[in-house]
4 protein chains.
Amino acid sequence: MTTSIIAASVLFDRVESRVRSYSRSFPKLFDRAEGASIYDASGKPHIDFLSGCSSLNYGHNDPDLKAALIDYVSADGIAHGLDMFTRAKEQFLRSFERHILKPRGMDHHIQFTGPTGANAVEAALKLARKVTGRTNVISFTNGFHGVTLGALAATGNGKHRNGAATPLSGVTRAAYEGYFGPDIDTAELLDLQLSDPSSGIDLPAAIIVETVQGEGGLNAASSEWLRRIQAIAHRHDALFIIDDIQAGCGRTGGFFSFDGMDLQPDIVTMAKSLSGMGLPLAIALIKPRYDIWKPAEHNGTFRGNNHAFVTATAAIEKFWADGAFEADVARKAAYLAQRLETIADEHGLRVKGRGMMLGIEARSGEAAAAVCKRCFDDGLIIETSGSFDEVVKVLAPLTITQDQFADGLDIMEAAFAAVMGSRRAAAE
Amino acid sequence: MTTSIIAASVLFDRVESRVRSYSRSFPKLFDRAEGASIYDASGKPHIDFLSGCSSLNYGHNDPDLKAALIDYVSADGIAHGLDMFTRAKEQFLRSFERHILKPRGMDHHIQFTGPTGANAVEAALKLARKVTGRTNVISFTNGFHGVTLGALAATGNGKHRNGAATPLSGVTRAAYEGYFGPDIDTAELLDLQLSDPSSGIDLPAAIIVETVQGEGGLNAASSEWLRRIQAIAHRHDALFIIDDIQAGCGRTGGFFSFDGMDLQPDIVTMAKSLSGMGLPLAIALIKPRYDIWKPAEHNGTFRGNNHAFVTATAAIEKFWADGAFEADVARKAAYLAQRLETIADEHGLRVKGRGMMLGIEARSGEAAAAVCKRCFDDGLIIETSGSFDEVVKVLAPLTITQDQFADGLDIMEAAFAAVMGSRRAAAE
Amino acid sequence: MTTSIIAASVLFDRVESRVRSYSRSFPKLFDRAEGASIYDASGKPHIDFLSGCSSLNYGHNDPDLKAALIDYVSADGIAHGLDMFTRAKEQFLRSFERHILKPRGMDHHIQFTGPTGANAVEAALKLARKVTGRTNVISFTNGFHGVTLGALAATGNGKHRNGAATPLSGVTRAAYEGYFGPDIDTAELLDLQLSDPSSGIDLPAAIIVETVQGEGGLNAASSEWLRRIQAIAHRHDALFIIDDIQAGCGRTGGFFSFDGMDLQPDIVTMAKSLSGMGLPLAIALIKPRYDIWKPAEHNGTFRGNNHAFVTATAAIEKFWADGAFEADVARKAAYLAQRLETIADEHGLRVKGRGMMLGIEARSGEAAAAVCKRCFDDGLIIETSGSFDEVVKVLAPLTITQDQFADGLDIMEAAFAAVMGSRRAAAE
Amino acid sequence: MTTSIIAASVLFDRVESRVRSYSRSFPKLFDRAEGASIYDASGKPHIDFLSGCSSLNYGHNDPDLKAALIDYVSADGIAHGLDMFTRAKEQFLRSFERHILKPRGMDHHIQFTGPTGANAVEAALKLARKVTGRTNVISFTNGFHGVTLGALAATGNGKHRNGAATPLSGVTRAAYEGYFGPDIDTAELLDLQLSDPSSGIDLPAAIIVETVQGEGGLNAASSEWLRRIQAIAHRHDALFIIDDIQAGCGRTGGFFSFDGMDLQPDIVTMAKSLSGMGLPLAIALIKPRYDIWKPAEHNGTFRGNNHAFVTATAAIEKFWADGAFEADVARKAAYLAQRLETIADEHGLRVKGRGMMLGIEARSGEAAAAVCKRCFDDGLIIETSGSFDEVVKVLAPLTITQDQFADGLDIMEAAFAAVMGSRRAAAE
């Protein structure tokens, strides 16, 4: 049974809420996907530089993950397990501990929160408040942490904040690295305020930060700045939380975006690519001494998405049991950087981000939208980010083939040229 | 590779957060499940009267849902689609509209929220506040709506509320039907307060209610009371929201728990059994005139859990395309009621709830816990509910066979007898 | 220099904020006042049944208070003393302890808050939260506690609440005695909710109550109900606060409105008639064990209004050193009750309130306004109260002469007759 | 009847709340006061460099104000008038309009709030929220605006904030001029954040600022910075509020602290010295187009403190009808600055503040406390200010005689020398 895209459009328009968004940028009916390719109903392939907003770091339907899932389902493996002990959870925990935590000297407990990043953030903020007895939380300009009320208070985006239609409280905003320009040390500003008992900034339960602000415009913090933020948190007896939902799982290189930065976050939130195949899964990693939850104090029906445990385990075993994948990602990231620098140079623009989480800051949101539209017309799915949606953001699968990666970047290059004009052309 | 339960326990204890809860009541390693049977690592089956807290209304791994999912995955169907148009979503919308909405004369829009019930509630409350420009929300004593900050404010449970470690605001509590005993008409109390400009109860954006309070102790509201609450909401220009997360999807009989009650809720939140197979999926149904979301104003990474769309569609087609399933559920509910009444009578206790969402109020939380423990020893998984965890709650799969249902209830009957003693025995 | 009322009106209209209210009901320029008489610029006297909303219980410019003040000012007594030790404060404390606290077996500490009732309420709520570590506060339907943000959250009046233009939080509303009619025991409802850990009502830091709701419509709580509310507060480890700002200082008979009720409030807030002459003064009386303030933790510039200490001391010495005044007030209250009952009977209306804080519930706010307007035309200043401003409220000076009291009540009786018509007349 | 200070101390200790503060610094019983002299019970005079925290700018018991008050009271002038039209209010409005507003081209409406500065701030913030429909307010580091819940949210001081014992919300903190050192332009930082829709700083209803932070450490903003803050407020459609409670009424030179700065604040809050004699009085000046209060929407019992109107009128007529007083204050301020600079230079310290609101930043709160203690021993009442109470703050009456001023400063100089040692001495 095939349905024409027109019939589908009428249906979506009639039945789906006005809140839908990506389907406005990419108004096609998609059907199946494999690797970096996503096919519409007519069978036409698109290169996917969006990757489910970094939820599909290993591409669509990775054959090994897919096989593991089919085997599991076929054998009547438990699909939904609340937070009971299941074999699938056990194997996930074992792999996660062995390949992720232990090699990094981490002994964090793993909390299975509701399977959304926002839920992991809510859990992290609640726990930090419980641990410290304080209610204020510091988050950063342009940060994105989800849109449920507790997480939304920490999120910077004005459109999302307005969606609450009620004041958001409990969070104080600090400036991200570089927010006030290169000459102002925002970590020092924060420390100064927290050290002043009359600054009016209440001592926080936690400081929550993304190492790279995926939604906020691909602002990438330096390891030095992050270490100072961690030190500031600890100096003021606050927890240091890294929200690694978008930047984690290899997107910036290592499994954690903060690998190799000499950071010891008290809580880490993860979601998006954690399940490896795009299945809903979210966790909070908690230093044992802060894991003071009472049983069920933070609960949720879908904490035990065992299908996601299966694919997550397969992903860890496949990609993170040794260093091969990470090396490959580094190689691709270098290629990506070189390609984007070339485009940016051509148009006098700036490259932002880190690892496989790079983008080009266009002159305006309109220009960025035009670039994305042109890309889509040419078969490339790519989106924007930033305060004014002004950054064209590449979130290609980390597993993309060299050829497809090059093809996608060629489309992007042409789109920039078409939209921005060519300097050389202009000079001639 | 088999892992002994002991090794698993050590692992869980070392790596999983202290927040875990059900694994404390049911300390076994579960492996696979089918229908109403869930098997531990040793191969021992247990009858499941918990059903993922009503997330598995059609049982574990229903063969048709499972087949649909395997087919879909095998064909590289899109797993994660953000909120793009996908074939799987289209088919879900089509089935949902055809078999669920249309027959009931509903034209609600469907919002795919983050795939947790809490997220659907957060979306509903945000939207109601946007629509009305008011911030207060009325929810009810013993209500449960999730534990993210916005939903948690509407939740009554003290343990969960304390988990926030910060004041919860924006919600005013009203008394559920019967909360103050049979002689006090709680709907009238609410109306009186909302009609008095000096009552101190700010006019609400919405009234949110469960038709049966699943976590709150199986309190079941009458259709008359619910109609009056709806009328009160509308008289005071507030939205009427039914949270059908636990009571929906056939648990109390119809697809919606309010089927046949002559109710027209402005928003309905659904999750749990919606995907049919326990996969994370949540939606908010919104009357079109209230669907004033801006694109992406409420977003979330896993809104497009296409595996769940596939199984949800299969479930709707299998169970809700005609009235056979509903009739069967009604028959089972009658059997359940009769069995529970017998047990309750024996011990001078009370049966609570509606449909296949019934329980027995034990004399105390301790007694209820003892009953459940005894059941588990005898191979039955069953849990409690209520302010003091005093209600032993039967949430058997709606698809359970008559034999297994009887077996489970036999275990339960024996457990009550063992824990409460027998009246007749006592009398002799 | 005399100014015509017309010139004055133009001035007020040009320069004073639109927020002014009483000058709309009583659009005259007032000049001087003595006892129960207030004179307008033309020299015309009015009988004052408003008494500064019970701030002038001893009448205008009581000769002894006035003399004490003039002496004090003439001798360069300190006017403004911050919270330093001053002779005037010492004498006030000594008199207050001797004549007010000691005879009642009270050992409360006296906190001089900012000189407004709202400020005393803010201090009381802050302290209760400090003492208990809880943030929720229970206040009652139709309660009035002031309009600063903390106090306003406890106030029931919708117009005042809307004035905040931001959500008010931290307070849960309970129903005052009789709010749901004579058959519903609101104390029991409250206790039931606080005893249920899943009621959704967070355990409170305090319960704050007026013994008679002056602004809320002259609802008078019984001593039995108040004792039960106190017991409920203490059973749930919350402080019991009586807001005696309007009902205290003899208005309902004793110095405290709860005299003789066998109540031991943990905190009592006072203001209005405390200074005796209408000068701004407010205090919170605090049981010593709860007086855990750090120095200056709650401060304010005008805590040391020494003129008010002088007149307050004189008032205590004059009116409360023996029982004569109280006996006289009781006598007047009986007379008032008898007169109002006669009027009410005549028109099938109801008398509300207690002591010298009585009123007649008219059929509507419009009727009550018409009565007050008619009274004003006939030389009597009187105002309304209640959710719909439907209660015509007598707040005559407690020191009013019998003749003037009778004159005022005659005017009131005639006004009711004029507005409501006469039953007998109607019957004939 | 005289009471020994010892008996008084015992009394205060037994009866007054632990919250008292100034009486800890100045543990004497004070009796009467005149000009800059305050006498204790033994008749010993002290020079008053505290002036009721700038509430006594015209000294204690100014003879003309005192005479006006005695006349008024003697003639049975209305003491308490709620917000009715009274002769005393009329005369205040007339004088205020004629001598204060008109010469400055201001047509603000005058709202009589409850007679505390905090109440005026509460009114201002509520009104700004009403006008704009926004809830966020920007206030500054080290700002002090009162301790009732709404005002306290805007106050920076940690001790006072903790006194709330509940989270304070609705206010975002910006950095005052110079807060981050001389090289960082804090106005630009604020503008940048408000211009970024994803900064996470919600657009504010108002920006509230003190021109000199009296409690916050005598930080004095430049007129240029204030104009920029005003422009930023207006560019983002927010109201610009100057809290002139401590810095107004001549303290920094003009009647308003912002006189001559080319500022047009939308709301100005005033209290402290407004009544001229230390009597409680507070107002909010509101640009007419923003005066959208409904009648009584913000009310309060003591809005009509007519004694304060009388003295306030006398103060305006005496001090502000021509420029003589202002010129004299300027002369004194210059003298003060010269004296403090000499002391500061001697010890390598810094002078802070503006006009007659100057102080010396000691090396620590301990040092500043020691200086104040020494001063008090020598007959000078003086207090500290700042985040760490590190600034010794001179708030002498503006009417102090040259001799007394010199005497007080001599005491201060000696105290600094005694506490800090002498550089020259140290160098020798």
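Residues numbered from 1 in each chain as written. Chains lettered and ligands numbered in written order. Predicted model: local features only at pLDDT ≥ 70, side-chain atom pairs only at ≥ 80, totals over all residues. Heavy atoms only, no water.

**Here's the deal with the state of the cysteines**
So, step 1. Under the criterion given, the structure shown has zero disulfides over all chains.
So, step 2. With no disulfide of its own, Cys372(C) lies closest to Cys375(C) among cysteine sulfurs, the gap being 6.1 Å. (Disulfide = S-S within 2.5 Å.)

**Notes on the packing of aromatic side chains**
So, step 1. A full pass over the atoms with the stated rule returns 80 aromatic pairs over all chains.
So, step 2. Ring geometry for Trp320(B) against Phe325(B): centres 5.3 Å apart, planes inclined by 85°, an arrangement best described as edge-to-face. As far as the burial class goes, Trp320(B) and Phe325(B) line up, both buried.
So, step 3. Look at Phe96(D) and Phe255(D): their rings are 5.7 Å apart centre to centre, the planes differ by 75°, and that puts the pair in the edge-to-face class. Taken as a pair, Phe96(D) in helix α5 (residues 87-101) and Phe255(D) in the loop between β10 (239-243) and β11 (267-270) lie far apart in primary sequence, 159 residues in all.
So, step 4. Looking at Phe255(D), the relative accessible area reads 2%, which means it is buried.
So, step 5. Clustering of aromatic rings is evident, with ring pairs tying together Tyr58(A), Phe92(A), Phe96(A), Phe112(A), Phe255(A), Phe256(A), Phe258(A), Phe309(A), Phe319(A), Trp320(A) and Phe325(A).
So, step 6. Directly above the aromatic system of Tyr39(A) lies the positively charged group of Arg32(A), at a separation of 4.2 Å from the ring centroid. (Phe/Tyr/Trp six-rings, centres within 6.5 Å; stacked < 30°, edge-to-face > 60°. Buried < 20%, exposed > 50% of the residue type's maximum accessible area, 1.4 Å probe, protein only. Helix = DSSP H or I, 4+ residues; strand = E, 2+ residues; numbered from the N terminus. Lys NZ or Arg CZ within 6 Å of the ring centre and 35° of its normal.)

**Overview of the relation of the copies chain B and chain A**
So, step 1. When chain B is fitted onto chain A, the two copies agree to an RMSD of 0.0 Å after a turn of 180° and an axial shift of 0.0 Å. Expressed as an axis order, the relation between the two copies is that of a two-fold axis. In terms of proximity to the rotation axis, the leading residue of chain B is Leu149(B), whose C-alpha is 2.7 Å off the axis.
So, step 2. Taken as a fraction of all interface residues of chain B, those also at the interface in chain A reach 100%, which identifies the copy contact as same-surface. (Least-squares fit on C-alpha atoms with pLDDT ≥ 70 in both. Contact = heavy atoms within 4.5 Å.)

**A word on the packing of helix α4 (residues 63-74) of chain A against helix α4 (residues 63-74) of chain B**
When two helices pack together, their arrangement is given by the angle between the helix axes and the distance between those axes.
So, step 1. Running from N to C, α4(A) and α4(B) point in directions that differ by 165°, and their axes come no closer than 10 Å. When the axes of α4(A) and α4(B) are compared, the pair comes out roughly antiparallel. Remark: the crossing between α4(A) and α4(B) carries left-handed chirality. In this structure, α4(A) uses Lys66(A), Leu69(A), Ile70(A), Val73(A) and Ser74(A) to contact α4(B), whose residues at the interface are Lys66(B), Leu69(B), Ile70(B), Val73(B) and Ser74(B).
So, step 2. Its residues placed into classes, the contact of α4(A) with α4(B) shows six nonpolar, two polar and two charged. (Axes fitted to C-alpha atoms, helices over the stretch in contact; angles between N-to-C directions. Parallel < 35°, antiparallel > 145°, perpendicular 65-115°, else oblique. Left-handed = near helix turned anticlockwise from the far one by under 90°. Nonpolar A, V, L, I, M, F, W, Y, C, P; charged D, E, K, R; others polar.)

**Thoughts on the nonpolar core**
So, step 1. Grouped together as the largest cluster of nonpolar side chains are 226 residues, with contacts concentrated most on Phe96(A), Met412(A), Phe96(B) and Met412(B).
So, step 2. Ranked by size, the runner-up nonpolar core spans 225 residues in total, among them Trp225(C), Ile229(C), Ala315(C) and Phe376(C). (Core = buried A, V, L, I, M, F, W, Y, C linked by side-chain atoms within 4.5 Å.)

**Topic: unusual backbone geometry**
So, step 1. Phi at Cys249(C) is positive, roughly 60°, even though this residue is not glycine.
So, step 2. Mapped onto the elements, Cys249(C) comes out in the loop between β10 (239-243) and β11 (267-270).
So, step 3. Residue class for Cys249(C) comes out buried when judged on its relative accessible area of 2%.
So, step 4. Positioned with a positive phi, Leu82(D) is a non-glycine residue whose angle comes to about 45°.
So, step 5. Mapped onto the secondary structure, Leu82(D) falls in the loop between α4 (63-74) and α5.

**Let's talk about the pattern of salt bridges**
When the charged atoms of two side chains with opposite charge come close together, those side chains can pair.
So, step 1. This model, assessed by the stated rule, comprises 100 salt bridges over all chains.
So, step 2. Arg14(A) serves as the salt-bridge partner of Glu97(B), at 2.6 Å between the closest nitrogen and oxygen. Here Arg14(A) lies in helix α1 (residues 5-15) and Glu97(B) lies in helix α5 (residues 87-101), a pairing that spans two chains.
So, step 3. Given a relative accessible area of 10%, Glu97(B) falls into the buried group.
So, step 4. We classify Arg14(A) as partly exposed; its relative accessible area is 40%. (Salt bridge = Lys/Arg side-chain N within 4 Å of Asp/Glu carboxyl O.)

**A short note on the sheet that holds strand β14 (residues 357-361) of chain D**
Residue and element names in this part refer to chain D.
So, step 1. Taken in spatial order, the four strands make up an open sheet running β13-β14-β17-β16, and their pairing is antiparallel. Edge positions in the sheet fall to β13 (350-354) and β16 (383-385), since each of these pairs with one other strand and no more. Strand-to-strand twist of the sheet, defined as the mean angle between neighbouring strand axes without regard to direction, takes the value 35°.
So, step 2. As paired elements, β13 and β14 share five bridges and run antiparallel to each other. Within the sheet, the bridge partner assigned to Arg354 lies in β14 and is Met357.
So, step 3. Seen against the sheet, helix α12 (residues 324-347) touches β13, β14 and β17 (391-394) and runs at an angle of roughly 0° to β14.
So, step 4. Set on the sheet, helix α14 (residues 402-420) makes contact with β14 and β17; between it and β17 the angle comes to about 170°. (Pairing = 2+ DSSP bridges.)

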